[in-house]
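Residue-level listing of the chains:
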Amino acid sequence: MTSRRRQDIVTTNLEIPSPMLNELDNMATELNISRQAVMKMMLRRALDEHYLAKSQIKST
């Protein structure tokens, strides 16, 4: 993962259903972090899992 100082930060809009937003807010409260931090953490995890699955498929 690249350090934040070397990345260009881009602002984007994302439409999220209310129930999902509530789940994100609950998780943020449990972890004592911001909603934005939860979303970035979950996106990073999903991307990592995607690349890991992709590399496993190539190696078989």
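Residues numbered from 1 in each chain as written. Predicted model: local features only at pLDDT ≥ 70, side-chain atom pairs only at ≥ 80, totals over all residues. Heavy atoms only, no water.

Trainee: Looking at this structure, how should I read helix α1 (residues 18-31)?
Mentor: Residues spaced three or four apart along an α-helix face the same direction, because each turn holds 3.6 residues. Between its first and last C-alpha, α1 extends 20 Å over 14 residues, near the 20 Å set by a 1.5 Å rise per residue. Just downstream of α1, Asn32 is the residue with a positive phi angle, here 60°. (Helix = DSSP H or I, 4+ residues; strand = E, 2+ residues; numbered from the N terminus. Expected span 1.5 Å × (residues − 1).)

Trainee: What is the right way to look at unusual backbone geometry in this model?
Mentor: When glycine is set aside, most residues are seen to have a negative phi, and most peptide bonds are trans. Backbone geometry at Asn32 places phi at a positive 60°, although glycine is not the residue there. Secondary-structure assignment places Asn32 in the loop between α1 and α2 (35-59). Look at Asn32 and you get exposed, because its relative accessible area is 71%. (Buried < 20%, exposed > 50% of the residue type's maximum accessible area, 1.4 Å probe, protein only.)

Trainee: Honestly, the packing of α1 against α2 in this entry has me stumped. Any pointers?
Mentor: The description of two helices packed together rests on the angle between their axes and the distance between the axes. Packing of α1 against α2 brings their axes to within 8 Å, and their N-to-C directions diverge by 100°. For the element pair α1 / α2, the angle class is roughly perpendicular. Packed against α1, whose contacting residues are Leu21, Leu24, Asp25, Met27, Ala28 and Leu31, the element α2 presents Arg35, Val38, Met39, Met41 and Met42 at the interface. Per-class residue counts for the contact of α1 with α2 are 9 nonpolar, no polar and 2 charged. (Axes fitted to C-alpha atoms, helices over the stretch in contact; angles between N-to-C directions. Parallel < 35°, antiparallel > 145°, perpendicular 65-115°, else oblique. Contact = heavy atoms within 4.5 Å. Nonpolar A, V, L, I, M, F, W, Y, C, P; charged D, E, K, R; others polar.)

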